[in-house]
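Below are the chains, spelled out letter by letter.
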Amino acid sequence: MRLNPDFIKHDTDKGAVLIAVGKTGEKFKGMVNINKTGSFIVDHLKEETTFETLLADIMKEYDIDEETAKNDLDAFLAGLRKIKAVLE
Amino acid sequence: METFYLSIAKKIIKVSSLHEAVKTYCQDFLVERCPEDYALEISQEDIEYERGLNEYPFTDDVLEITALHRKIAETLYRDDIIAFHGSAIKYQGNAYLYTARSGVGKSTHTNLIKEQLKDEMIWINDDKPFIEVKKNQITLYSSPFNGKERRGCNTFAPLKAITQIKRGTENYVNEIEPVVFFPLLVSQCYKGRTPEMASRVMDLLDLLSTKIHCYEIYCRPDIEAAEVSIREILKK
């Protein structure tokens, strides 16, 4: 999986947001606020990756147990899939 | 191929269009031939891009007008000028922008304000104005792209407030924190087709949100809604 190239992460003083450009931006005009971990995941989705690799990356970066990391990653990816921000 | 010169947001734009109807559409913004800031050419490929975004089978000349707006927006952002969606009016020398998702009633609301204020209010642009975002001044400019009713004129004014219109059973206004209002600004402006433009527009929206008043008005499509809008936003 990887990030749909029509989606870009924009960093601000207050955090990061995900917005869409191009044809995708004509349909998804809004934005998604993302926290530090979300920002980390989006950065890693810029290259082709897998759920397992992302999970390992998160556990390496943050001090959390596997179950929590798995649930958080699942929920975050579900949100991205809903707005077609992830290409499988 | 038709070539003409437009002045939009104080920038001179040389346009080469495929259909004469585009020049006619832009007639209030035409200027004599002069050194241009930017030169834009609309191609059949641009028209086909617009066709791909529309379900309704618009004719090529109509799609070329949309393509021209897109190209102008993708040019002027470099001068800190962003394309917005909304109904902009001028009252006592200041601009006020009313915005909402399509179909909520922007034009209906500003029309009701017009009924109340008559010649005290003018439409700047009823669909796609441009906003210049500078640290010391936010200015709203009209554009030829002024909606189905073609309400608007070639003018500009300092932008005082942006108001989101929401349908309600009562008429009332809330002033909104910029951080809360920000997602609406993002959804109602054109962010372009490249990450470079989108990032720049986001930075400009950040600045814009701190320089103007942000309101939401819950309203019915009645004259009392206009009275509340005038009292709580325009005369505040």
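Residues numbered from 1 in each chain as written. Chains lettered and ligands numbered in written order. Predicted model: local features only at pLDDT ≥ 70, side-chain atom pairs only at ≥ 80, totals over all residues. Heavy atoms only, no water.

Q: Give a detailed account of the overall build of chain B, specifying residues and quantitative values.
A: Scanning chain B from N- to C-terminus turns up seven helices and 13 strands. Relative to its length of 236 residues, chain B is compact, with a C-alpha radius of gyration of 18 Å against a globular reference of 18 Å. Residue burial in chain B is summarised as follows: out of 236 residues, 53% are buried. Contacts in chain B between residues far apart in sequence, at least 24 positions, make up 69% of those at least 6 positions apart. Of the roughly 10,700 Å² of accessible surface on chain B, 47% is carried by carbon and sulfur atoms. (Helix = DSSP H or I, 4+ residues; strand = E, 2+ residues; numbered from the N terminus. Rg over C-alpha atoms; globule rule 2.2 N^0.38 Å. Buried < 20%, exposed > 50% of the residue type's maximum accessible area, 1.4 Å probe, protein only. Contact = heavy atoms within 4.5 Å. Areas by Shrake-Rupley, 256 points an atom, 1.4 Å probe, with all protein chains shown as cover.)

Q: Any chance you could break down the sheet that holds strand β1 (residues 2–8) of chain B for me, citing the residues and the numbers?
A: All names here are of chain B. With mixed pairing, four strands are arranged side by side in an open sheet as β3-β1-β2-β4. Edge positions in the sheet fall to β3 (30–31) and β4 (38–41), since each has one partner strand and no second. Across seven bridges, β1 lies against strand β2 (residues 11–17) in antiparallel orientation. Each bridged residue has a counterpart across the sheet, and for F4 the counterpart in β2 is V15. Packing against the sheet, helix α3 (residues 60–76) makes contact with β1, β2 and β4, and its axis sits at approximately 150 degrees to β4. (Pairing = 2+ DSSP bridges. Axes fitted to C-alpha atoms, helices over the stretch in contact; angles between N-to-C directions.)

Q: An account of the interface of chain B and chain A is requested, with residue identities and associated values reported.
A: With 19 residues of chain B in contact, the opposing surface of chain A contributes 14 residues. Linking chain B to chain A there are one salt bridge. Residue B:R70 is joined to A:E26 by a salt bridge in which the shortest nitrogen-to-oxygen separation is 2.8 Å. Of all the secondary structure elements, the ones that give two or more residues to the side of chain B that touches chain A are α2 (44–53), α5 (178–187) and α6 (195–211) of chain B. By residue number, the principal contributor to the side of chain B that touches chain A is α6(B), which donates six residues. When the residues that make up the side of chain B that touches chain A are grouped by side-chain class, the tally is 10 nonpolar, four polar and five charged. (Salt bridge = Lys/Arg side-chain N within 4 Å of Asp/Glu carboxyl O. Nonpolar A, V, L, I, M, F, W, Y, C, P; charged D, E, K, R; others polar.)

Q: Outline the environment of B:F84, listing residues and values.
A: Residue and element names in this part refer to chain B. Looking at the element boundaries, F84 is found in the loop between β5 (81–83) and β6 (87–91). The sequence separation of F84 and I131 amounts to 47 residues, and the corresponding C-alpha distance is 7.0 Å. The residues touching F84, leaving out its near neighbours within four places in the chain, are L97, D127, K128, P129, I131, I162, L185, Q188, C189, L205 and L208.

Q: Which residues make up the sheet that holds strand β2 (residues 7–12) of chain A, and what values go with them?
A: All names here are of chain A. Taken together, three strands build an open sheet; the order of strands is β2-β3-β4 and the sheet is antiparallel. Each end of this open sheet is capped by a strand with a single partner; those strands are β2 and β4 (31–34). On average, each strand axis in the sheet is tilted by 25 degrees relative to the strand beside it, whichever way the strands run. Pairing of β2 with strand β3 (residues 15–20) involves six bridges; the strand directions are antiparallel. Across the sheet, the residue bridging to H10 is V17, located in β3.

Q: Residues and numbers for the pattern of salt bridges, please.
A: Summed over all chains, the structure comprises 22 salt bridges over all chains. Residues B:R51 and B:E48 are paired through a salt bridge, measuring 2.9 Å at the closest nitrogen-oxygen approach. On the criterion of helical spacing, the pair formed by B:R51 and B:E48 is a turn pair, its members being three residues apart in helix α2. Put simply, B:R231 and B:E232 hold a salt bridge, and the shortest N to O gap is 3.4 Å. Several salt bridges converge on common partners, so that one network encompasses A:K9, A:D11, A:D43 and A:K46.

Q: Please provide a residue-by-residue account of the pairing of strand β10 (residues 137–141) of chain B, values included.
A: Residues and elements named next belong to chain B. Of all five residues in β10, four are buried, a share of seventy percent or more. As paired strands, strand β9 (residues 130–134) and β10 are joined by five bridges and run antiparallel to one another. If you follow F130 over to β10, its bridge partner there is Y141. Taking the residues that link successive antiparallel strands as the turn, the β9-β10 hairpin has two residues.

Q: Can you break down a nonpolar patch on the surface residue by residue, with the values?
A: Together, B:Y56, B:F58 and B:V62 line one region of the surface with nonpolar side chains, adding up to about 290 Å² of accessible area. Structurally, B:F58 can be placed in the loop between α2 and α3. (Patch = residues over 30% accessible without salt bridge, like charges linked within 9 Å, V, L, I, M, F, W, Y side chains within 5 Å.)

Q: Just give me the short version of the nonpolar core, but keep the residues and values in it.
A: By size, the foremost hydrophobic cluster in this structure holds 62 residues, and its most contacted members are B:I131 and B:L205. Residues in contact with B:I131, not counting those within four places in the same chain, are B:D80, B:I81, B:I82, B:F84, B:L97, B:I138, B:T139, B:L140, B:L159, B:I162 and B:L208. (Core = buried A, V, L, I, M, F, W, Y, C linked by side-chain atoms within 4.5 Å.)

Q: Give a description of helix α4 (residues 66–82) of chain A that names residues and reports values.
A: Residues and elements named next belong to chain A. For α4, with 17 residues, the first-to-last C-alpha span of 24 Å sits near the 24 Å given by 1.5 Å per residue. All buried positions along α4 are accounted for by A69, L73, F76, L77 and L80. End-on, the buried residues of α4 take up no more than an arc of 100 degrees, which puts them together on one face. Opposite the buried face of α4, at more than 90 degrees from it, the exposed residues are E67, A75 and K82. Its buried side turned inward, α4 meets β3, β4, α2 (36–44), α3 (51–61) and β5 (86–87). Downstream of α4 by a residue or two, K84 has a phi angle that is positive, lying close to 60 degrees. (Expected span 1.5 Å × (residues − 1). Arc of directions from axis to C-beta.)

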